[in-house]
Amino acid sequence: MATEKAETDRVPITLALSTIGYLEKLVRQGTHGTSVPGVARTLIEEGIRLAIKDGLLSIRDNGKAP
């Protein structure tokens, strides 16, 4: 397991009120985080990793420098 923290950047997002309500329920459950942003971050990261693993997301090298 890596011991270094990945570089991060803050990105504002907009969510439906119903989605925020669902995230608040997960906060109360305490299963995915202790705050709405924490729960959202956990679910986003898990979803992206699963999508990469399942082949739904892939990075194409277009030859351009980042």
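Just so you know, these numbers come straight off a predicted model, no measurement behind them.

S.K.: What exactly am I supposed to notice about the overall build of the protein here?
M.R.: Each helix and strand counted, the protein has two helices and zero strands in total. Looking at the protein as a whole, 9% of its 66 residues qualify as buried. Looking at the protein as shown, the accessible area adds up to about 6,500 Å², and 56% of this sits on carbon and sulfur atoms.

S.K.: How should the layout of surface pockets be read in this particular structure?
M.R.: Any empty space left between the atoms is revealed when a probe the size of a water molecule rolls over them. Roughly 760 Å³ of internal volume is contained in the largest pocket. Along its surface, the largest pocket is lined by 17 residues, and Asp9, Arg10, Val11, Pro37 and Arg41 are the ones closest to its centre. Residues belonging to the lining of the largest pocket are distributed by class as follows: 10 nonpolar, one polar and six charged.

S.K.: Would you mind going over a nonpolar patch on the surface with me for this structure?
M.R.: A cluster of nonpolar side chains, namely Val11, Ile13, Leu15, Ile44, Ile48, Ile52, Leu56 and Leu57, defines an oily patch on the protein surface of about 770 Å² accessible area. One can find Ile52 in helix H2 (residues 36–53).

S.K.: Looking at this model, I keep getting lost on the pattern of salt bridges. Mind explaining?
M.R.: Close approach of charged atoms lets side chains of opposite charge pair. Taken as a whole, this structure holds one salt bridge when the rule is applied. Among the ionic pairs, Arg49 bridges to Glu45, the shortest N-O distance being 2.9 Å. Of the two residues, Arg49 and Glu45 are both situated in helix H2; the distance of four residues between them amounts to about one turn of the helix. You can call Glu45 partly exposed: its relative accessible area is 40%.

S.K.: Help me out: how do you make sense of helix H1 (residues 17–29) in this one?
M.R.: Given a rise of 1.5 Å per residue, 13 residues ought to cover 18 Å, and the 19 Å separating the end C-alpha atoms of H1 matches this to within 8%. At the exit of H1 stands Gly30, carrying a positive phi of roughly 75°.

Quick notes on the rules
- Residues numbered from 1 in each chain as written.
- Predicted model: local features only at pLDDT ≥ 70, side-chain atom pairs only at ≥ 80, totals over all residues.
- Heavy atoms only, no water.
- Helix = DSSP H or I, 4+ residues; strand = E, 2+ residues; numbered from the N terminus.
- Buried < 20%, exposed > 50% of the residue type's maximum accessible area, 1.4 Å probe, protein only.
- Areas by Shrake-Rupley, 256 points an atom, 1.4 Å probe, with all protein chains shown as cover.
- 1 Å grid on protein atoms, 1.4 Å probe; cavity = no way out; pocket = protein on both sides within 12 Å on 5 of 7 lines; lining within 4 Å.
- Points joined across faces, edges and corners; volume = space filled by probe spheres on them.
- Nonpolar A, V, L, I, M, F, W, Y, C, P; charged D, E, K, R; others polar.
- Patch = residues over 30% accessible without salt bridge, like charges linked within 9 Å, V, L, I, M, F, W, Y side chains within 5 Å.
- Salt bridge = Lys/Arg side-chain N within 4 Å of Asp/Glu carboxyl O.
- Expected span 1.5 Å × (residues − 1).

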